[in-house]
Amino acid sequence: MALNIGFIGLGSLGEGLCNSLVTAGFPVTVTDLNPAAAQKLLAAGAVWADDVAGVCREADVVITVLPSPAISRKVVEGPGGVFETLRAGGVWIEMSTTDFEDLQRLQAAATQRGIAVLECPVTGGVHLANSGQITVLVGGEEAVFQRVEPLLAAMGGQIIYMGKLGNASVVKVVTNMLAFIHLVAAGEAMMVPAKYGVDPDATYRAIRASSGNSFVHETESQLILSGSYNVKFNMDLACKDLGLVNGIAEKLGVPLELGGMTQQIFRRARGMFGSQAQSPEVVRMLEQACGLELRAPGYPTELIAE
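Below: a short report on this structure.

What counts and how
Residues numbered from 1 in each chain as written. Predicted model: local features only at pLDDT ≥ 70, side-chain atom pairs only at ≥ 80, totals over all residues. Heavy atoms only, no water. Helix = DSSP H or I, 4+ residues; strand = E, 2+ residues; numbered from the N terminus. Rg over C-alpha atoms; globule rule 2.2 N^0.38 Å. Buried < 20%, exposed > 50% of the residue type's maximum accessible area, 1.4 Å probe, protein only. Contact = heavy atoms within 4.5 Å. Lys, Arg positive; Asp, Glu negative; His and termini not counted. Charge placed at Lys NZ, Arg CZ, Asp CG, Glu CD. Expected span 1.5 Å × (residues − 1). Polar contact = N/O pair within 3.5 Å; in protein donor to acceptor, adjacent residues only side chain to side chain. Axes fitted to C-alpha atoms, helices over the stretch in contact; angles between N-to-C directions. Left-handed = near helix turned anticlockwise from the far one by under 90°. Phe/Tyr/Trp six-rings, centres within 6.5 Å; stacked < 30°, edge-to-face > 60°. Parallel < 35°, antiparallel > 145°, perpendicular 65-115°, else oblique. Nonpolar A, V, L, I, M, F, W, Y, C, P; charged D, E, K, R; others polar. Salt bridge = Lys/Arg side-chain N within 4 Å of Asp/Glu carboxyl O.

Helix and strand counts for the chain stand at 14 helices and 9 strands. Scaling as 2.2 N^0.38, a compact globule of 306 residues should have a C-alpha radius of gyration of about 19 Å, and the chain matches this with 20 Å. Considered along the principal axes of its C-alpha atoms, the chain spans approximately 65 × 45 × 30 Å. The proportion of buried residues among the 306 residues of the chain is 52%. Considering only intrachain contacts with a sequence separation of at least 6, the fraction spanning at least 24 residues in the chain is 67%. Side chains of the chain carry 21 positive and 30 negative charges; the gap between the two charge centres is 3 Å.

Moving on: helix 12 (residues 235-252). With 18 residues, helix 12 should cover 26 Å at 1.5 Å per step; its first-to-last C-alpha distance of 26 Å lies within 8% of that length. Buried within helix 12 we find Met-235, Leu-237, Ala-238, Cys-239, Lys-240, Asp-241, Leu-242, Leu-244, Val-245, Asn-246, Ile-248 and Ala-249. In this structure Asn-234 caps helix 12, since a side-chain oxygen of it lies 3.1 Å from the backbone nitrogen of Asp-236. One or two steps after helix 12, the chain reaches Gly-253, where phi turns positive at roughly 75°.

In a pair of packed helices, the angle between the axes and the distance between the axes together describe the arrangement. Relative to each other, helix 1 (residues 12-23) and helix 8 (residues 142-155) sit at 115°, their axes nearing to 8 Å. The two elements helix 1 and helix 8 meet at a crossing, and its hand is right-handed. Here helix 1 contributes Leu-17, Ser-20 and Leu-21 to the contact with helix 8, which in turn contributes Leu-151, Ala-154 and Met-155.

Turning next to the side chain of Ser-279. Note on placement: Ser-279 falls in the loop between helix 13 (257-273) and helix 14 (282-290). You can call Ser-279 buried: its relative accessible area is 2%. Beyond its immediate sequence surroundings of up to four residues, Ser-279 is in contact with Phe-180, Leu-183, Glu-220, Val-231, Phe-233, Asn-234, Met-235, Ala-238 and Phe-266.

On inspection of all chains with the given rule, the structure shows 5 aromatic pairs. Measuring from centroid to centroid gives 5.1 Å for Phe-180 and Phe-266, while their planes differ by 55°, and the two rings are tilted. In this pair, Phe-180 sits in helix 9 (residues 167-196) while Phe-266 sits in helix 13, placing the two residues 86 residues apart along the sequence. Accessibility expressed as a relative area gives 6% for Phe-180, which makes it buried. We classify Phe-266 as buried; its relative accessible area is 0%. Put simply, the rings of Phe-180, Phe-233 and Phe-266 touch in pairs and so form one group of aromatic residues.

Right, let's talk about the packing of helix 9 against helix 12 for a bit. The N-to-C vectors of helix 9 and helix 12 enclose an angle of 120°; their axes lie 9 Å apart at closest approach. Judged on the interaxial angle alone, helix 12 and helix 9 are oblique. The crossing of helix 9 and helix 12 is left-handed. The segment helix 9 lies against helix 12, with Val-170, Val-173, Val-174, Asn-176, Met-177 and Phe-180 engaging Ala-238, Asp-241, Leu-242, Leu-244, Val-245 and Ile-248. Split by residue class, the contact of helix 9 with helix 12 holds 10 nonpolar, 1 polar and 1 charged.

A complete count under the given rule lists 13 salt bridges for this structure. In this structure, Arg-284 and Glu-281 form a salt bridge, with 2.6 Å as the shortest nitrogen-oxygen distance. Taking relative accessible area as the criterion, Glu-281 reaches 12% and is therefore assigned buried.

Written out as structure tokens, the structure is:
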């Protein structure tokens, strides 16, 4: 492979994406605040760097997968960050879910240093990132996209070019908003029959075969029924993403009645269960209110791509 890759951020999502690159044969140098997160990747052939500068030193492309816009800003434009240490002619790919206006500002700063920028947020869930089947949304100059398309194809299934920088970030937070709305709706839809006395397994299967089905019901409802809730996506991240999409809508003058209501529901769930609680635990509030847990035997505690 011709491109040397630097990869920063090895959380639940980043590790899976990076592993696909290593498995595909790309030379990859990695770093993370938690060195233990890199052990599987190092065993597979990745190289460790102690800091961002070490990641960037030999890189043609640097990828960031980080939990918040503030952390991305620190990593790319802070002292010793990507903009100071990635060579001119390099490419920074932001795969985090982030603020599109801040990303556009960072693109201007990167351009002054001769660094090209793409936004490539992903959607579909950690289990699809682990299997290399996740959807990648791409925003930025098409020529830059074409240059790095092989490495994006190694990480994802569908690669969708969205147009100019900012477009992918806006669509990404909209997809997350839909997922959170569907999650709340799926919990409510399963609870009504459960209180009536219907077997939750039968309800799950009926909804899955109905016009009311959704990707979220097919996947995250299973984690509710198993009682694990473990989608590897926490309340802090959910509230961050809902804040981003509602902020965009407010600036554009788009009323988001369901989006705003869902944001408040998730904020309440975060207050009850903590910032590190898993996002499907939003349904626990309904379970507690109804005095009934939505459970059925045989459902997985983690999602695995089919």
